[in-house]
Every structure is written in C-alpha cells, then in structure tokens.
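Single-letter residue listing:
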Number of protein chains: 2
Amino acid sequence: MWQLYQFPLCPFSRKVRLLLGEKGVGYELVRESPWVQRDEFLDMNPAGQTPVMADSAAGTVLIDSSTICEYFEETIDKASMLPGTAANRAEIRRLVTWFDERMYAEVVAPLMHERMLKRIVHRMTPDAKALREAMKAANSHLDYVDYLLDHRRWIGGPVLSLADLTAAAHLSVADYLGGIDWRGHDRTKEWYAALKSRPSFRPLLSERMEIVSPPDHYDKVDF
Amino acid sequence: MWQLYQFPLCPFSRKVRLLLGEKGVGYELVRESPWVQRDEFLDMNPAGQTPVMADSAAGTVLIDSSTICEYFEETIDKASMLPGTAANRAEIRRLVTWFDERMYAEVVAPLMHERMLKRIVHRMTPDAKALREAMKAANSHLDYVDYLLDHRRWIGGPVLSLADLTAAAHLSVADYLGGIDWRGHDRTKEWYAALKSRPSFRPLLSERMEIVSPPDHYDKVDF
Ligand SMILES: N[C@@H](CCC(=O)N[C@@H](CS)C(=O)NCC(=O)O)C(=O)O
Ligand SMILES: N[C@@H](CCC(=O)N[C@@H](CS)C(=O)NCC(=O)O)C(=O)O
C-alpha cells in the first residue's frame, strides 16, 4: 500500500492526490509537517519536503511532486494526465512548472507563511502588506488563467491534464487561506467549479487544517 | 533547425546542451540575457527565463529545462538520459530537481548574482559574506555528491543519466565563478574529470562570458 506523507494544505501533495484520484490509485495518508524537520523524515527525503510517497513492502520511495506524477503516468495507463504529442506534453509540463514555481512563490507560499505557519508555528499575526501583495499576485495569476481558458478548453490544451490539476491544487490552498477574490474571473471560476465537482477533488475539500479555517465558499461547488 | 536561447553561464541551458550533445541533436545558439527582459523574449516565454528552445519552421517552442529534456527523451531514442525502470527514473528525476532547486538556490544563484550580475548589470563589487556562504553551501553539496558516488557508479545509478548532466551543469557554472574548492572531494573530482572529457561537455568549457573570467583550472580535464 502506498503511503503519502503530506499535510492538508501542501499544494504539491494536493497535485499528487488529484492525479492519484483521477487514476484510481489507492493510498494511505500519513501526516507530516515538514517545518518540524523530523529526523526519520529527513532520512527518507534529504530535501525535507512534502510530498513523499513510499511503498515500504516494495522498498520504493518517491520524492518531489513532479517526479511522483511522472512515475504514475509511466506505470498507470488509466486517465493520462500528460495527453497528446510530445509538444502537447511540453506545453502541459511548462504550465505545471509555471504554477509550481511562480504561483507557489508569489501567492501560495506567502499566504501559507502569513496565515498558517505564523499561527501554528510562530504564534504571530500576519503582516498586512505581505497579504496584500500575495492577493495582488493572485489576481495576476487568475488573469493569466482567464487568458489561457479564452484560448483553450482546459488550461493545458483541449483535454484535462496535469496543468489543470496543478493550477487547481495551488488555487485551492490560496482559496482556503482567503487569498482569492473571484470577482471578474468568471471563466476561471467556471473551470474551477467543474474541477471542484470531480470525485478526485472532493476528499481534499472536506479536509481541514487545525486552527486555520477556510472561508464559507471554500468547499462549495457553487460559489 | 532548433534555436536555443541562452547565455554562457546559465546552468539550466548547460543541462539542456549536455543532453542535446549526448543525443546528437543539432541546434543554433541565440544569445539571450534574461535580466534585460526583452519584450520579444517575454512574448515567447512569459516566465522570462532561459533556456527556451524554438523550432520556428515547425512552430514549436519549448520552455523550462526539465520540460525540454523530457521532450528530447521522448522524441530521440539515442542515449537515454532517463534509463532504467520507473523507480530508477524517479530517483534520477529527484536528483535533477535537487540540483536545480537546491544547488542552484544555495550555491549557483548567489555566485551568479555576486560575481556576474553585480559586475555586468549593477557595476557593484561582490559581497564577501554572501560569497563565503555560497562556498560553504557548495562544500556541503560536494559532500552529498561524494556520498552518492560512494554508493553508485554514477550520480543517479549504475549508468550515466540526466542526474549527472544536471549536477555537472550547476557545478561547472559554480566552478567558472570561482566558487568550488575541490580539495577533499576526490571521488567527485574524478567523476567531474570524466564528464569534462566527454564531447558533449567540451564546447561549454571553451566558451566565455564577457567581463567575467574563470580560474585557470576551469577548462582543464586534469585539474
Ligand atoms: N519541488 C517540491 C516542492 C515541495 C515543497 O516545497 N513542499 C513544501 C510544503 S508545501 C515543504 O515541504 N516545505 C518545507 C521546506 O521547504 O523546508 C515538489 O514539487 O514536491
Ligand atoms: N525552471 C527553469 C529555471 C530557469 C532559470 O531560473 N533561468 C535563469 C537563468 S540561469 C533566469 O532566466 N533568470 C531570470 C529570471 O528568473 O527572471 C528551468 O529549469 O529552465
């Protein structure tokens, strides 16, 4: 049985869970708070980051969300999330990196720091300026997703792909942390509503991080 | 004909060039300085980063070094740089990400900032403390490579892979910028000497970045 080391608001773990859900791969959740830097976790992953997937019976340890997704793309045929030609796949991977690097660094990581880590770990209040900047960056990212969806059915092309799952994973964490103002982003909102109603997404939306609560609209498909 | 947008000291472009060299894919170099943020370049890649590969006849644009490498792995059979089982490939991809994220952030990016960008763009002198920290981090990374090579023939497993090319790409830029003290790292030095003598590596070692010169040992196979 695969075990996924993660915590409820880790966007990279959410991306992996959405992929596993689409592919119908079973796994058990193991709660890991990377900020604790637990010795046994560092022994497993020297980078000290979630997600990690381990199958102890087989002795397999998979580290890094994109590596994990590529592994299951290679081993499970069902529901390819890197569909199409090599060039189509390159466009999907470009967007995955865009959301994992840019949206994470500019929007999700600052929100997690201000609204989650400061509360849980540092017992401090969030910095209003940092929150304002993250929300402004979120708005630019939503503009870019609006633009992509004006040109294509899904974010990475004509069919659902890992680009959609990745964008939704980061967006969902930002939304949980109150960082998303959906007004003026109808196209992206419609796309996100469609994703929210997928069976792969529902378990994520029902989970809660201790101490930190999401806004009311967070888990509603109609928001 | 493929065109590769890059500058001589971009480690991500070096990784791509090493892969293309091993696979025997021809390309033309186009000089791009991402810090200039040229409008036409931003139109091609909204992330504004090198490397980008473009085949204008075919209308194909590939963005992000890992995306580019996956593309050529999928389309060119010669010299697989992601060899082995899905689990072997996952270990290689984990290490690629490790060097691209960690070694780049802790060693290569600070050296590039202090010894290249400050000279070329800001006309400032480097900060001694930042340089000391980058060199200390370089030493830890070399320790980790020593450790990997104590357990395996190559960095990612029994055969040459993208993990070796990625580590060598980052190390070569750090070495050019005078950030590597090879003493005490005999195993890694031996591995690096073997890579330096490969035909895929030689063109990189003979190129120079304007204004910034490498130390004497930089392009010597015997150093
Ligand atoms: N490249 C990694 C990034 C994972 C990552 O940044 N995880 C965060 C949690 S969301 C983490 O573990 N941070 C702790 C740290 O970096 O020390 C991936 O895609 O899996
Ligand atoms: N994930 C990208 C990172 C590329 C990257 O950081 N390139 C640097 C040059 S070495 C760059 O363009 N920096 C300018 C910027 O980030 O604005 C890749 O693997 O290609």
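In this text the structure is predicted, and so the values were computed from the model without any measurement. (Residues numbered from 1 in each chain as written. Chains lettered and ligands numbered in written order. Predicted model: local features only at pLDDT ≥ 70, side-chain atom pairs only at ≥ 80, totals over all residues. Heavy atoms only, no water.)

### What about the overall build of chain A?
Along its length, chain A carries 8 helices and 4 strands. For chain A, the C-alpha radius of gyration of 17 Å lies close to 17 Å, the compact-globule estimate for 223 residues. Dimensions along the principal axes, computed over C-alpha positions, put chain A at roughly 50 × 45 × 25 Å. A buried classification covers 56% of the 223 residues belonging to chain A. (Helix = DSSP H or I, 4+ residues; strand = E, 2+ residues; numbered from the N terminus. Rg over C-alpha atoms; globule rule 2.2 N^0.38 Å. Buried < 20%, exposed > 50% of the residue type's maximum accessible area, 1.4 Å probe, protein only.)

### Notes on the nonpolar core
Grouped together as the largest cluster of nonpolar side chains are 70 residues, with contacts concentrated most on Met53, Phe72, Ile155 and Trp191 of chain B. For this core, the element with the highest residue contribution is helix H4 (residues 86-122) of chain B, accounting for 12 residues. For this core, the domains that each give at least three residues are domain 1 (3-75) and domain 2 (86-206) of chain B. Excluding residues that lie within four positions of it along the chain, Met53 of chain B makes contacts with Trp2, Gln3, Leu4, Val16, Leu20, Tyr27, Thr60, Val61, Leu62, Ile68 and Phe72 of chain B. Listed in part, the 68 residues of the second largest apolar core include Met53, Ile68, Leu149 and Ala169 of chain A. (Core = buried A, V, L, I, M, F, W, Y, C linked by side-chain atoms within 4.5 Å. Domains from an automatic or database assignment. Contact = heavy atoms within 4.5 Å.)

### What to know about the site of ligand 1
Neighbouring residues of ligand 1: 13 residues in total, closest Gln49, Thr50, Asp64 and Ser65 of chain A together with Glu101 of chain B. The environment around ligand 1 is built from residues contributed by chains A and B. Glu101 of chain B has a polar side-chain atom sitting 3.3 Å from a nitrogen atom of ligand 1. Protein chains shield 81% of the accessible area of ligand 1, which is 510 Å² for the free molecule. Partitioning the shell around ligand 1 into residue classes produces 7 nonpolar, 4 polar and 2 charged. (Near = heavy atom within 4 Å. Polar contact = N/O pair within 3.5 Å; in protein donor to acceptor, adjacent residues only side chain to side chain. Areas by Shrake-Rupley, 256 points an atom, 1.4 Å probe, with all protein chains shown as cover. Nonpolar A, V, L, I, M, F, W, Y, C, P; charged D, E, K, R; others polar.)

### Some details on the pairing of strand E3 (residues 52-55) of chain A
All names here are of chain A. What you see with E3 is no split at all: Val52 and Ala54 on one side and Met53 and Asp55 on the other are buried throughout. Sheet topology places strand E1 (residues 2-6) next to E3; 3 bridges connect them, and they run antiparallel. Paired with Gln3 across the strands is Ala54, a residue of E3. Where E3 meets strand E4 (residues 60-63), 4 bridges bridge the pair, whose relative direction is antiparallel. Bridging from a neighbouring strand, Val52 pairs with Ile63 of E4. Counting the residues in the hairpin turn of E3 and E4 gives 4 residues, including Gly59, whose phi is positive at 70°. (Pairing = 2+ DSSP bridges.)

### Some thoughts on the domain arrangement of chain A
For an interface, size is often stated in terms of accessible area lost upon the parts coming together. Residues and elements named next belong to chain A. The domain boundaries assigned to chain A delineate domain 1 (3-75) and domain 2 (86-206). For domain 1 and domain 2, the distance between their C-alpha centres works out to 20 Å. Each partner contributes residues to the interface: domain 1 has 17 residues there, and domain 2 has 25 residues. Summing both partners gives a buried area of about 1900 Å² for domain 1 against domain 2, and 73% of it is carried by carbon and sulfur. Three residues stand out in domain 1 for area buried against domain 2, namely Leu9, Arg14 and Leu18, and they jointly supply 36% of the buried area on that side. Linking domain 1 with domain 2 are 3 salt bridges, by the criterion used here. (Buried area = accessible area lost by both parts, 1.4 Å probe. Salt bridge = Lys/Arg side-chain N within 4 Å of Asp/Glu carboxyl O.)

### Examining unusual backbone geometry
The step from Thr50 of chain A to Pro51 of chain A runs through a cis peptide bond, and the omega angle for that step is 5°. Within the secondary structure layout, Pro51 of chain A lies in the loop between helix H2 (39-44) and E3. Even without glycine at this site, Gln37 of chain B takes up a positive phi of about 55°. Within the secondary structure layout, Gln37 of chain B lies in the loop between strand E2 (27-31) and helix H2 (39-44). Phi at Ile211 of chain B takes a positive value of approximately 75°, unusual for a residue other than glycine. If you trace the backbone, Ile211 of chain B turns up in the segment after helix H8 (202-206). Residue Ile211 of chain B is classed as partly exposed on the basis of its relative accessible area, which comes to 49%.

### Some remarks on the relation of the copies chain B and chain A
Superposition record for chain B on chain A: RMSD 0.0 Å, screw rotation 180°, translation along axis 0.0 Å. In symmetry terms, the pair is related by a two-fold rotation axis. A share of 100% of the interface residues of chain B reappears at the interface of chain A, consistent with the copies meeting face to face through the same patch. (Least-squares fit on C-alpha atoms with pLDDT ≥ 70 in both.)

### With respect to the sheet that holds strand E1 (residues 2-6) of chain B
Residues and elements named next belong to chain B. Strand order in this open sheet of 4 strands is E2-E1-E3-E4, and the pairing throughout is mixed. Edge positions in the sheet fall to E2 and strand E4 (60-63), since each has one partner strand and no second. Strand-to-strand twist in this sheet, taken as the mean axis angle between neighbours without regard to direction, amounts to 20°. Contacts between helix H3 (residues 65-75) and the sheet are confined to E1, strand E3 (52-55) and E4, with E4 contributing the most and set at about 125° to the helix. (Axes fitted to C-alpha atoms, helices over the stretch in contact; angles between N-to-C directions.)

### Regarding the layout of surface pockets
Residues and elements named next belong to chain B. Of the pockets and cavities examined, the second largest pocket occupies roughly 240 Å³. In this structure, the second largest pocket is lined by 13 residues; those nearest its centre are Glu91, Arg94, Tyr144, Tyr147 and Arg152. For the lining of the second largest pocket, the element with the highest residue contribution is helix H5 (residues 128-151), accounting for 4 residues. Each residue belonging to the lining of the second largest pocket can be placed in one class, and the counts come to 8 nonpolar, 1 polar and 4 charged. (1 Å grid on protein atoms, 1.4 Å probe; cavity = no way out; pocket = protein on both sides within 12 Å on 5 of 7 lines; lining within 4 Å. Points joined across faces, edges and corners; volume = space filled by probe spheres on them.)

### Things to note about empty space enclosed by the protein
Residue and element names in this part refer to chain A. Evaluation of the coordinates by the stated rule reveals 1 cavity of 30 Å³ or more. Computed from the structure, the largest cavity encloses a volume of approximately 30 Å³. In this structure, the largest cavity is lined by Met135, Ala138, Asn139, Leu142, Gly179, Ile180 and Asp181. Here the residues of the lining of the largest cavity are counted per class, giving 4 nonpolar, 2 polar and 1 charged.

### Let's talk about the confidence of the model for chain A
Low-pLDDT portions of the prediction should not be read for the details of their coordinates. When pLDDT is averaged along chain A, the result is 97, and 100% of the positions lie at 70 or above. Per the prediction output, this complex has pTM 0.97; the corresponding ipTM is 0.97. (pLDDT = per-residue confidence, 0-100.)

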